[in-house]
Amino acid sequence: MFTIVFMSFLCLFYLLFISKLSECSGLLGTAQMLFEMMLMKFDAHQLSDAAAFLGPFSFSLFIIFVVFICMSMFFSIIGDNFRLARENIKDTNRHLYSYALQTFIQWTGLKKTNDEDVYVQKDERMRSEYRNPIEQFPEKVDQLLNALNSIYVNQSKDKLKLKTL
């Protein structure tokens, strides 16, 4: 949405002020001028000198739409994502603390564990989470054969209909 609004204002300022302002002589210069307007580092008197009514009017529209609306929406999206991340951290803190405690206990040597048991547990957990593509191959072949069979059956039915007509 920001890109669409910004590009529309870019076209507006470029077409309105191409002959009146040196900053608007090219699209890149106009884009730079608009970014300066967003940062409030622009002399608005140039626009009012270039066009008495359209300069301040277009400047006001740009500030309202881009700075107030689009930037506020952008910041609200970022704030919402930070809130979601904070909620996810609360859920994962328990797992993080238990993992840190187990690692600390193993690192200090307070609890001796057999390394093979640890690797076997990790291996079993990884195998349960991920499926080998080779194991999926027969299912995929069956799906392909069923799709080809349905295409063949549909074509056979169409040929029979044509012969009966």
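Below or above, wherever it landed, is the structure these notes cover. Not measured: the values here are computed from a predicted model.

### Re the packing of aromatic side chains
Applying the stated criterion across every chain, the model contains nine aromatic pairs. Ring centres of Phe9 and Phe62 lie 5.3 Å apart, and the angle between their planes is 85°; this geometry places the pair in the edge-to-face category. In this pair, Phe9 is assigned in helix H1 (residues 2-17) and Phe62 in helix H4 (residues 54-108), connecting sequence segments 53 residues apart. Phe62 sits in the buried class, given a relative accessible area of 0%. The interplanar angle of 75° and the centroid separation of 6.1 Å between the aromatic rings of Phe13 and Phe62 together place this pair among those described as edge-to-face. Remark: Phe62 occurs in helix H4 and Phe13 occurs in helix H1; sequence separation between them is 49 residues.

### Observations concerning the pattern of salt bridges
In this structure the tally under the stated criterion is one salt bridge. The closest approach of N and O atoms between Arg83 and Asp80, which form a salt bridge, is 2.5 Å. Of this pair, Arg83 and Asp80 both sit in helix H4, separated by three residues, roughly a single helical turn. On the basis of relative accessibility, which here comes to 36%, the residue Arg83 falls in the partly exposed class. Judged by its relative accessible area of 33%, Asp80 is partly exposed.

Quick notes on the rules
Residues numbered from 1 in each chain as written. Predicted model: local features only at pLDDT ≥ 70, side-chain atom pairs only at ≥ 80, totals over all residues. Heavy atoms only, no water. Phe/Tyr/Trp six-rings, centres within 6.5 Å; stacked < 30°, edge-to-face > 60°. Helix = DSSP H or I, 4+ residues; strand = E, 2+ residues; numbered from the N terminus. Buried < 20%, exposed > 50% of the residue type's maximum accessible area, 1.4 Å probe, protein only. Salt bridge = Lys/Arg side-chain N within 4 Å of Asp/Glu carboxyl O.

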